[in-house]
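# Residue-level structure breakdown
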Amino acid sequence: RLTKLAASVRADGVSYEESVQVALQAILVSPHFLFKVETPRRVGRDGQMPEIGQYELATRISYFLWSSMPDDELLSLAHRGQLRYRDRLFGKVGRMIQDPRANQFVENFAGQWLQLRNLSQVQPDTRIYRGFNEQIRELMRRETLTFFAGVMRKNMPVTTLLDADFTYLNEDLARFYGIKNVVGSEFRPVSLSGTMRGGLLTHASVLTVTSNPTRTSPVKRGKWILENLLNLPPPPAPANVPELEKSKLVGTLRQRMEQHRSSPACAVCHNMMDPLGFALENFDAVGRWRTRDGREEVDASGKLPDGTEFRGIADLRQLLSTTRRDEFVRCLAEKMLIYAIGRGTEYYDQCAIDEIVARTRDNDYRFAYLIAAIIDSDPFQKQGH
């Protein structure tokens, strides 16, 4: 087809090189070049959606974990019709996670899930937060991505993302955090024993993205936890409620927020968001530890509407990684499934998500089993509605 196109153009009197250019242009604008095209199939007599083909499955797996086309091994498994043999598939998935190309998954998924893409846009006031600069901004991002990759490649429980007693630092970021005995520009595992840090919630990248330029924001931080760790996004704020900075409320930040949520219209959401955010108040707007906010002692206590009380980051971390563990795992599974299949989830996907969470739980919540369960799920293996 392309040869005939080039020949017809050549017959009009253009040069050989120009005729080849036209054929190449046809390739570059083809939907088969621009998109992952999957052959439409009919719904079965039992009403079940059909499975995608072997090569299509290889492509889904590769773009999920590598953001690129399948390698020879994946294509060979597809050619032999073996991609649905669990032992072969999971062995390959394990090798793909260890491959440097999986850095694309770390960068793209973690950047999307944790909102790290927004880190470049926040502008902390450096007159207040001295020591923050563009280098520190990039080191913050790198810490979180390296940590996520480490948990994934070592096949740790996904709850390690919340309760890890280690992170990855270099000398400059460790100094910014006030952590000693880290020397050199290379990132390496660093124990957080004896500190108040541990897990994603104490990463400066997350704490900075969820702050305002001149102060912390318990609302933003609480909302981030609800949306990204528990999958409980609050509804939008009422249109007629002014922002906290523009309101006439007085007192400390906590006092002003308590006055703000005295309105029933505000209380519905803020009673969930604010306590979670206040648990992070010992971290300033660029993620450094503090015990005072100006002249005021930091009050990091909180109480949820169900009566659950906690004080500070240690209690919150314990709450999320134990009592609310399955909610976190379900949230992560759903967000990763959305990333993997390239569409939002629907009501008919809920059974599949239940199965993904159950299989992950049965394997001690380990990271590779979450990925394997997603790949083995109906939404991933079958054509969508």
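Let us look at the structure shown here. (Residues numbered from 1 in each chain as written. Predicted model: local features only at pLDDT ≥ 70, side-chain atom pairs only at ≥ 80, totals over all residues. Heavy atoms only, no water.)

## Remarks on the overall build of the chain
The line we're drawing: Secondary structure is summarised from DSSP: a helix means a run of H or I of at least four residues, a strand means a run of E of at least two, and numbering begins at the N terminus for each. Two residues qualify as a contact provided that any one of their heavy atoms is within 4.5 Å of a heavy atom in the partner residue. Under the convention used here, a 1.4 Å probe and the Shrake-Rupley method define accessible areas, while residue burial counts only the protein chains that appear. Note on charges: Lys and Arg go in the positive column, Asp and Glu in the negative column, and His and the chain ends are not counted at all. Note that the charge is assigned to NZ on lysines, CZ on arginines, CG on aspartates and CD on glutamates.
For the chain, the helix and strand inventory stands at 19 helices and six strands. Oriented by its inertia axes, the alpha-carbon framework of the chain measures out at about 80 × 55 × 50 Å. Here the contacts in the chain between residues at least 6 apart in sequence split such that 64% fall between residues at least 24 apart. Of the roughly 19,800 Å² of accessible surface on the chain, a fraction of 51% belongs to carbon and sulfur atoms. Here the chain contributes 52 positive and 47 negative side-chain charges, whose respective centroids are spaced 1 Å apart.

## Side note on a nonpolar patch on the surface
The cut-off we apply is this: Only residues above 30% relative accessible area that lack a salt bridge enter a patch, with like-charged residues linked at up to 9 Å and the nonpolar side chains Val, Leu, Ile, Met, Phe, Trp and Tyr linked at up to 5 Å. The rule for a salt bridge is simple: a side-chain nitrogen of Lys or Arg has to be within 4 Å of a carboxyl oxygen of Asp or Glu.
A cluster of nonpolar side chains, L2, Y16, V20, L24, I27, L28, V29, F33, L34, F35 and V37, forms an exposed patch at the surface whose accessible area comes to about 1,000 Å². Elements with a contribution of two residues or more to the nonpolar patch: α2 (16-28) and α3 (31-34). Per-element tally for the nonpolar patch: the top contributor is α2, with five residues. Note that L24 resides in helix α2.

## What to know about helix α12 (residues 218-228)
Test applied: The rule is simple: take the accessible area with a 1.4 Å probe, protein chains only, and divide by the maximum for that residue type; under 20% is buried, over 50% is exposed, in between is partly exposed.
Burial analysis of α12 places eight of its eleven residues in the buried class, the great majority of the element. Residues of α12 that are buried: P218, R221, G222, W224, I225, L226, E227 and N228.

## Overview of the environment of Q98
Quick note on the threshold: The term polar contact refers here to a pair of N or O atoms within 3.5 Å; inside protein, the definition further demands a hydrogen-donor-capable atom paired with an acceptor-capable atom, and it admits residues adjacent in sequence only when both atoms are side-chain atoms.
If you trace the backbone, Q98 turns up in helix α6 (residues 86-98). Assessed through its relative accessible area of 45%, Q98 is described here as partly exposed. Reaching out from Q98, the side chain makes a polar contact with the backbone oxygen of R153 at a distance of 2.7 Å.

## Description of the packing of aromatic side chains
Using the following cut-off: The aromatic pairing rule takes the rings of Phe, Tyr and Trp, using the six-membered ring of Trp, and pairs them if the centres are within 6.5 Å, calling planes under 30 degrees apart stacked, those over 60 edge-to-face and the rest tilted. Each ring is checked for a lysine NZ or an arginine CZ that lies within 6 Å of its centre and within 35 degrees of its normal; such an atom marks a charge sitting over the ring.
As enumerated under the stated definition, the model contains 17 aromatic pairs in all. Centre to centre, the rings of F64 and F105 are 5.6 Å apart; their planes meet at 85 degrees, and the pair counts as edge-to-face. Here F64, found in helix α4 (residues 54-65), pairs with F105, found in helix α7 (residues 103-113); they are 41 residues apart in sequence, far enough to count as distant. For F64, a relative accessible area of 1% translates into the label buried. Note on F109 and W113: the rings are 5.8 Å apart at their centroids and 20 degrees apart in plane angle, and the pair reads as stacked. Residue F109 and its partner W113 are located together in helix α7, separated by four residues, close to a single helical turn. Accessibility expressed as a relative area gives 3% for W113, which makes it buried. The cationic tip of R101 hangs over the ring face of W66; the distance from NZ or CZ to the ring centre is 3.8 Å. The residue whose ring lies beneath R197 is Y177, and the NZ or CZ to ring-centre distance is 3.8 Å.

## Some remarks on the environment of R292
Summarising the element assignment, R292 is placed in strand β3 (residues 292-293). With 116 residues separating them along the chain, R292 and F176 place their C-alpha atoms 18 Å apart. A polar atom in the side chain of R292 sits 2.8 Å from the side chain of E297.

## Side note on the pattern of salt bridges
Inspection of the entire model under this criterion finds 25 salt bridges. Between D378 and K382 there is a salt bridge, with the nearest N and O atoms lying 3.8 Å from each other. By sharing partners, the salt bridges in this structure join D71, E73, K92 and R95 into a single network.

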